[in-house]
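Descriptive structure summary
One-letter residues, chain by chain:
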Amino acid sequence: MPDALGRRVPSLSVLSAESVTADSTSTADLEIAQLRIDVARAVRSVCPRWLAEQADDLSQIAVSRILDRLRTTEGQLELSRGYLYRTAYSVVIDEIRRRRRRREIAMDSDVVFQSNEANPERHTFSREVRDAVAGCLRRLVASRRRAVTLHLLGHSVREISALLECRSKQAENLVYRGLNDLRVCLTRHGVHQ
Amino acid sequence: MNRVLEHEPRDAWLAAALRSQAEHAHPQTDCPSPERIWDAIQQRLSLDDRLEIIDHLSGCAACTEAWQLAARIAPFPPRSSAIYGNRALLIGAAAVLLVALGIGFMVFRPAGQQDAASIEPSPTALPTAQQSPNTLPPPAPTRLPTPVQRAAFADAGAIRDLITAYERLIEAKGEFFIDVENLRINGRTATATIRRRDTVLIQGERQVQTSTHELRFEKTGTGSWVVVSATPDKPLSTPADESDESAIQRVIAIYETAIETKDVELFRSVRPGLSAVEEARLRASFDAIVGQQVTITVDDIQIDGTTAIARVSRQDVIITVGERRQSASSRQILRFEKSASGWIITEIGR
């Protein structure tokens, strides 16, 4: 069955059969091999650069999740490209969150990590600005806050209007007025460009 | 229309600020699952669920990062009601449809049927377009100082009046000026660093002698400020024959040492105009790390009279909690001014 992008997608129903016959075994192996390739590609495209070394492990986790899901759905799961990417994304974000929660520290303390942050003063300064922006965003009227947040995250007016289910003109106004409110609030708190 | 609102230059920093800090962001306990974030972008969630996640984004740097990653990878779905956002297209399509129906009706109507137009007047076919709201942003409210700010202004004014009174009191004894370098008010106490320049006659020649004092003030029960102590004169030691360039390099070296040793007072000696906010930020950055090694290389110094600009390359090795070491390279622009006591840093640019 072709997926939404026109790609042929296997159902892999053979994998979930209670008894895998000898004839179907080779087909299943081929499909799993193809699945691994597709998942690895998806994980690599999702994985941030600093996590790239873990891409193989994450691919393995993603494949396991998909196979588990196939078993629970008795093979009726359609492996669309979107589903593979969604699973890859989910595995990568879980890993990022896990690392951030644990604050993993390398055993070898002599290892020097290259950081994108210039220095502690700048780091503290950017944190203050971010806190101020977040604080002022929280004070905005909800509709404007949502529009401004999406705008600052790089969404177009069309996407904002779709996500908020409003007209384009309304989304545009919400962004403009919200940004104005945000600037006033930041100025009041002594934060400016 | 599908117009994209590009970030104005004045807003680009806001976007950068919102996205920053993700590297250090702790996920919160109520962060939505990755699947829900993905589905929200794909518009597979209900509007309420979507809004809940968008509301969460503005206060969670970790989810901001996750959202942006998903938005980069997940193709934004074609809008199911794309025509909804384009009123002109909708009206045009309706008009074409009506004309086509009209022509069809005129050509194929049954014989003997009475013309509808002869029975009743034709209604207005199309609704008028909704009046577009005013796109001008509302005028910014007049910003009046808060009661706390007003009190701070009043305190600062009272202390400066006190210093001026002191200046007038002793002016009769000689010619001198006082510059208030730094005034910090902390509740009912305050400190001020003043720079005093006395013009004295030594063997018939007028010479300027400079000294700095730190005055401490206290607010009495009646609300007036009094001087409670003053540090002894601190003559500023500047080698007389030092060139401007080497003096600036010496100041940069002190700045480097001040950061490495986390010495705020030393830092202030070369950057006397440190505001309270800047000082708090400096202390916070010192507290956030275990240690720091700074290597500053001066790339260029441009001296123009009593001002100068130094472009420096800076290499930091930061030792964070857990003995993790991070290195970071950056370039800075330091602005200097030649004061009576020598060269000082007036601005630390990035």
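Residues numbered from 1 in each chain as written. Chains lettered and ligands numbered in written order. Predicted model: local features only at pLDDT ≥ 70, side-chain atom pairs only at ≥ 80, totals over all residues.

As for the overall build of chain A
Along the backbone of chain A there are seven helices and one strand. In sequence order, the secondary structure elements of chain A are arranged as α-α-α-β-α-α-α-α. Among the 193 residues that make up chain A, the fraction classed as buried is 36%. Within chain A, counting contacts between residues at least 6 apart in sequence, those at least 24 apart form 65% of the total. (Helix = DSSP H or I, 4+ residues; strand = E, 2+ residues; numbered from the N terminus. Buried ≥ 20, exposed ≤ 12 C-beta atoms within 10 Å, placed from the backbone. Contact = placed C-beta atoms within 7 Å.)

Quick notes on the overall build of chain B
Tallying secondary structure elements over chain B gives 10 helices and nine strands in all. Across the 350 residues in chain B, those meeting the buried criterion constitute 17%. Relative to all contacts within chain B whose residues are 6 or more apart in sequence, the contacts with residues 24 or more apart total 49%.

Considering unusual backbone geometry
Although it is not a glycine, Glu165(A) sits at a positive phi angle of roughly 55°. Mapped onto the secondary structure, Glu165(A) falls in the loop between helix 6 (157-164) and helix 7 (168-188). Accessibility expressed as a C-beta count within 10 Å gives 13 for Glu165(A), which makes it partly exposed. Phi at Gln43(B) takes a positive value of approximately 60°, unusual for a residue other than glycine. By the element assignment, Gln43(B) lies in the loop between helix 2 (34-41) and helix 3 (47-57).

As for the environment of Glu128(A)
Looking at the element boundaries, Glu128(A) is found in helix 4 (residues 120-139). Distance in space between the C-alpha atoms of Glu128(A) and Val191(A) is 9.0 Å, their sequence separation being 63 residues.

Some remarks on the confidence of the model for chain B
Residues and elements named next belong to chain B. Counting all residues, the mean pLDDT for chain B is 70, and 58% of those residues have values of 70 or more. Across residues 1-7, confidence stays below pLDDT 50; counting only partners more than four residues off in sequence or on other chains, it has 13 contacts. Confidence drops under a pLDDT of 50 for residues 80-85, and excluding neighbours within four residues, the segment shows eight contacts in the predicted structure. For this predicted complex, the interface score ipTM comes out at 0.77, alongside a pTM of 0.48. (pLDDT = per-residue confidence, 0-100.)

Quick notes on the packing of helix 5 (residues 142-152) of chain A against helix 7 of chain A
Packed helix pairs are characterised by how far apart their axes lie and by the angle those axes make with each other. All names here are of chain A. Two elements in contact, helix 5 and helix 7, have axes whose closest approach is 8 Å; the angle formed by their N-to-C orientations is 90°. On the basis of their axis angle, the class for helix 5 and helix 7 is roughly perpendicular. Where helix 5 approaches helix 7, its residues Ser143, Arg144, Arg145, Ala147, Val148 and His151 are matched on the opposing element by Ala171, Leu174, Val175, Arg177, Gly178, Leu179, Asp181 and Leu182. Among the residues forming the contact of helix 5 with helix 7, the class breakdown is seven nonpolar, three polar and four charged. (Axes fitted to C-alpha atoms, helices over the stretch in contact; angles between N-to-C directions. Parallel < 35°, antiparallel > 145°, perpendicular 65-115°, else oblique. Nonpolar A, V, L, I, M, F, W, Y, C, P; charged D, E, K, R; others polar.)

Looking at the confidence of the model for chain A
Residue and element names in this part refer to chain A. On average, residues of chain A score 76 in pLDDT, and 70% of them reach the 70 mark or higher. In the predicted structure, residues 1-22 sits below a pLDDT of 50 and forms 39 contacts with residues beyond four places in sequence or in another chain. For the stretch residues 104-114, pLDDT sits under 50, and the model shows 17 contacts to residues farther than four places along the chain or on other chains.

Notes on the environment of Ser90(A)
Along the polypeptide, Ser90(A) turns up in helix 3 (residues 81-102). Taking C-alpha positions, Ser90(A) is 8.5 Å from Ala62(A), a pair spaced 28 residues apart along the chain. Here Ser90(A) is in contact with Pro34(B) and Glu35(B), once residues within four sequence places are set aside.

Here's the deal with the pairing of strand 9 (residues 342-349) of chain B
Residue and element names in this part refer to chain B. In this structure, strand 8 (residues 325-339) lies alongside strand 9, joined through seven bridges in antiparallel fashion. Looking across to strand 9, one finds that Glu337 is bridged to Ile344. Turn length for the strand 8-strand 9 hairpin, with the two strands adjacent in sequence and antiparallel, is two residues. (Pairing = 2+ DSSP bridges.)

Some thoughts on helix 2 of chain B
All names here are of chain B. Among the residues of helix 2, those classed as buried are Pro34, Ile37, Trp38, Ala40 and Ile41. On an axial view of helix 2, the arc spanned by its buried residues comes to 160°, and they lie on one face. The positive-phi residue at the C-terminal boundary of helix 2 is Gln43, with phi of around 60°. (Arc of directions from axis to C-beta.)

Section: the packing of helix 5 of chain A against helix 6 of chain A
Residues and elements named next belong to chain A. Contact geometry for helix 5 and helix 6: axes closest at 10 Å, N-to-C directions at 140°. Of the possible angle classes, the one that applies to helix 5 and helix 6 is oblique. For the crossing formed where helix 5 meets helix 6, the hand is right-handed. Contact residues: Arg146, Ala147, Leu150 and His151 in helix 5; Ile160, Leu163 and Leu164 in helix 6. (Left-handed = near helix turned anticlockwise from the far one by under 90°.)

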